[in-house]
Amino acid sequence: MIFVLGATGKVGRALVPALLDAGAAVRALTRDPAKARIDPRADVVQADLETADLPALFDGADRVFVLTQGSRREGAIARAAARAGVTHLVKLSTTGVHFGQTDPITRTHAEAEQAVREAGPAWTILRPGAFMDNRFAWLRTIREENAVYVPEGDPASALVHVRDIAAVATLALTTSGHEGAIYELTGGEALTTEQQVAVLSEATGRTIKYVEEPETAARDRMTRMYGWPAEAVDGFFALKRESAAHEHVVFGTVARLLGGPPRTFPDWARENAAAFTYHYRG
């Protein structure tokens, strides 16, 4: 039995069906089964990790995919899983740990990695770079203004497809030989933000404006348009400042593990083009 935490998140939504297609028995965690869109083949469990009886929650699970959307309780989760007899933990982290970043988001992942390594069961650490799905943050301005606004100096990025992350996680959770491994995961090429917008333009069949703006304007947009709290905005820019020097770095891990090239940003853009054209008034 493989227990997937964060089953409704970006990676979890791809991981649950991938595991099921691989023949695994899957238990998927959600706080609200009525709203969750989880593959019906999975055993859906309702619980809140902040209040649940953790050892009881993991009873019967053999392997656990650890993702708690930034929760600092991953140490407690890892130890509870060990007490329940879990034999393998696969932790989703970030490439920022590989590069020694000290921003709050990366520090949280680094601390959680250490807790997972010390908990007792075998472990595997996955460290993906920036997700292609992060570009869904552009949906509103593309739909309403046919434009993308980015902070000045936004670096080139080797974006990774969540299905490639899920495929590597499936491999680690269903086959042997990944115990004690740390895998850095990126796409196969780094594209500037302007190049990414051009790819989306081609996929959607129209020219999307690319606009760079000062950090002050970008901060205001995040707060005013998207409702981000100040702490989240600060965390985002701290992360961007520290990752700028190496966000372009390409790791060959996906190709090596999966036996073929990683999915590309044009692949992702074609898959999701319809989402960006909805509500467009041009």
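See the structure above.
Residues numbered from 1 in each chain as written. Predicted model: local features only at pLDDT ≥ 70, side-chain atom pairs only at ≥ 80, totals over all residues. Heavy atoms only, no water.

Colleague: Just checking my understanding: could you explain the overall build of the protein chain for this structure?
Modeller: Along the backbone of the protein chain there are 12 helices and nine strands. Taken against the 2.2 N^0.38 rule, which gives 19 Å for 282 residues, the C-alpha radius of gyration of the protein chain at 19 Å falls within 12% of a compact globule. When contacts within the protein chain are restricted to residue pairs at least 6 apart in sequence, those whose partners lie at least 24 apart make up 74%. Side-chain charges in the protein chain split into 31 positive and 35 negative, and the spacing between the mean points of these groups amounts to 3 Å. (Helix = DSSP H or I, 4+ residues; strand = E, 2+ residues; numbered from the N terminus. Rg over C-alpha atoms; globule rule 2.2 N^0.38 Å. Contact = heavy atoms within 4.5 Å. Lys, Arg positive; Asp, Glu negative; His and termini not counted. Charge placed at Lys NZ, Arg CZ, Asp CG, Glu CD.)

Colleague: Before we go on, may I ask you to explain the packing of aromatic side chains in this structure?
Modeller: Two aromatic rings, taken as a pair, are described by how far apart their centres are and by the angle between their planes. Scanning all chains against the criterion turns up eight aromatic pairs. Ring centres 6.1 Å apart and planes at 50° place the aromatic pair Phe99 and Phe251 in the tilted group. In this pair, Phe99 is assigned in the loop between α4 (95–98) and α5 (104–118) and Phe251 in the loop between α10 (230–243) and α11 (253–258), connecting sequence segments 152 residues apart. The exposure class of Phe99 is partly exposed, given its relative accessible area of 29%. Relative accessible area serves as the criterion here: at 18%, Phe251 is assigned to the buried category. Between the aromatic rings of Phe136 and Phe276, the centroid separation amounts to 5.9 Å while the plane-to-plane angle is 10°, which identifies the pairing as stacked. (Phe/Tyr/Trp six-rings, centres within 6.5 Å; stacked < 30°, edge-to-face > 60°. Buried < 20%, exposed > 50% of the residue type's maximum accessible area, 1.4 Å probe, protein only.)

Colleague: Explain the nonpolar core to me, please; I cannot follow it from the model alone.
Modeller: Soluble globular proteins: nonpolar side chains tend toward being buried together. The biggest cluster of nonpolar side chains holds 33 residues, and the ones touching the most others in it are Val4, Leu15, Val16, Leu19, Val26, Phe65 and Leu126. Counting residues per element, this core draws most heavily on helix α7 (residues 162–174), at seven residues. Aside from chain neighbours lying at most four places away, what touches Leu126 is Phe65, Val90, Lys91, Leu92, Ser93, Thr94, Ile165, Val168, Ala169, Tyr183 and Leu185. Ranked by size, the runner-up nonpolar core spans 22 residues in total, among them Val45, Val86, Ala119 and Ile125. (Core = buried A, V, L, I, M, F, W, Y, C linked by side-chain atoms within 4.5 Å.)

Colleague: Where do I start with the sheet that holds strand β3 (residues 43–46) in this structure?
Modeller: Note on sheets: strands pair through backbone hydrogen bonds, and any given pair is parallel or antiparallel. A sheet is described by the order of its strands in space; here seven strands give the open sequence β3-β2-β1-β4-β5-β6-β8, paired in parallel fashion. A strand with exactly one partner marks an edge of an open sheet, and here the two such strands are β3 and β8 (181–185). Averaged over all adjacent pairs, the angle separating strand axes in this sheet is 20°, with direction ignored. Relative to strand β5 (residues 88–92), strand β4 (residues 63–66) is paired through four bridges, and the arrangement is parallel. Looking at β5, one finds that Phe65 is bridged to Val90. (Pairing = 2+ DSSP bridges. Axes fitted to C-alpha atoms, helices over the stretch in contact; angles between N-to-C directions.)

Colleague: I would appreciate a short explanation of helix α1 (residues 10–21) in the present structure.
Modeller: An α-helix turns once every 3.6 residues. As a result, residues three or four positions apart point the same way. Within α1 the residues assigned to the buried category are Val11, Gly12, Ala14, Leu15, Val16, Leu19 and Leu20. Residues of α1 that are buried sit in contact with β1 (2–4), β2 (26–30), β4, β5 and α7. Phi turns positive, to about 95°, at Gly23, one or two residues after α1.

Colleague: Would you mind going over unusual backbone geometry with me for this structure?
Modeller: For residues that are not glycine, phi is negative in most cases, and the peptide bond is trans in most cases. A positive phi is found at Asn146, a non-glycine position, where the angle reads about 55°. Locating Asn146 in the fold gives a position in the loop between α6 (139–145) and β7 (147–151). When its relative accessible area of 11% is taken as the criterion, Asn146 is described as buried.

Colleague: Any chance you could explain the pattern of salt bridges here in plain terms?
Modeller: Oppositely charged side chains can pair when the atoms bearing their charge come close. Inspection of every chain in the model, using the stated rule, returns 18 salt bridges. Glu113 serves as the salt-bridge partner of Arg127, at 2.8 Å between the closest nitrogen and oxygen. A residue pair is termed long-range when its members are at least 10 positions apart, and Arg127 in strand β6 (residues 122–128) and Glu113 in helix α5 qualify at 14 residues. Exposure class is identical for Arg127 and Glu113. Each is buried. Between Lys240 and Asp154 there is a salt bridge whose closest N-O contact spans 3.4 Å. In this pair, Lys240 is assigned in helix α10 and Asp154 in the loop between β7 and α7, connecting sequence segments 86 residues apart. (Salt bridge = Lys/Arg side-chain N within 4 Å of Asp/Glu carboxyl O.)

Colleague: Please explain the pairing of β4 as it appears in this structure.
Modeller: Side-chain positions along a regular strand alternate between the two faces of the sheet. Alignment of β1 against β4, held across three bridges, turns out to be parallel. Pairing of Phe3 across the sheet is with Val64, part of β4.

Colleague: Hey, could you run me through the environment of Ala47 in this one?
Modeller: On the secondary structure map, Ala47 appears in the loop between β3 and α2 (54–57). On a C-alpha basis, the gap between Ala47 and Leu159 in space is 32 Å, while along the polypeptide they are 112 residues apart. When near neighbours in sequence (up to four residues on either side) are disregarded, Ala47 contacts Leu29, Thr30, Arg31, Ala52 and Leu57.

Colleague: What exactly am I supposed to notice about α7 here?
Modeller: The terminal C-alpha atoms of α7, which comprises 13 residues, lie 18 Å apart, in line with the 18 Å expected from a rise of 1.5 Å per residue. Burial in α7 covers these residues: Val162, Asp164, Ile165, Ala166, Val168, Ala169, Thr170, Ala172 and Leu173. (Expected span 1.5 Å × (residues − 1).)

Colleague: Sorry, what's going on with the packing of helix α9 (residues 215–224) against α10 here?
Modeller: To describe two helices that pack against each other, one gives the angle between their axes and the distance between the axes. Two numbers describe how α9 lies on α10: the axes approach to 10 Å, and their chain directions differ by 140°. One finds that α9 runs oblique with respect to α10. For the element pair α9 and α10, the recorded crossing hand is right-handed. Across the interface between the two elements, Glu215, Ala218, Arg219, Met222 and Thr223 from α9 touch Val233, Asp234, Phe236, Phe237 and Arg241 from α10. (Parallel < 35°, antiparallel > 145°, perpendicular 65-115°, else oblique. Left-handed = near helix turned anticlockwise from the far one by under 90°.)

Without other data, these values stay purely geometric and don't point to any function.
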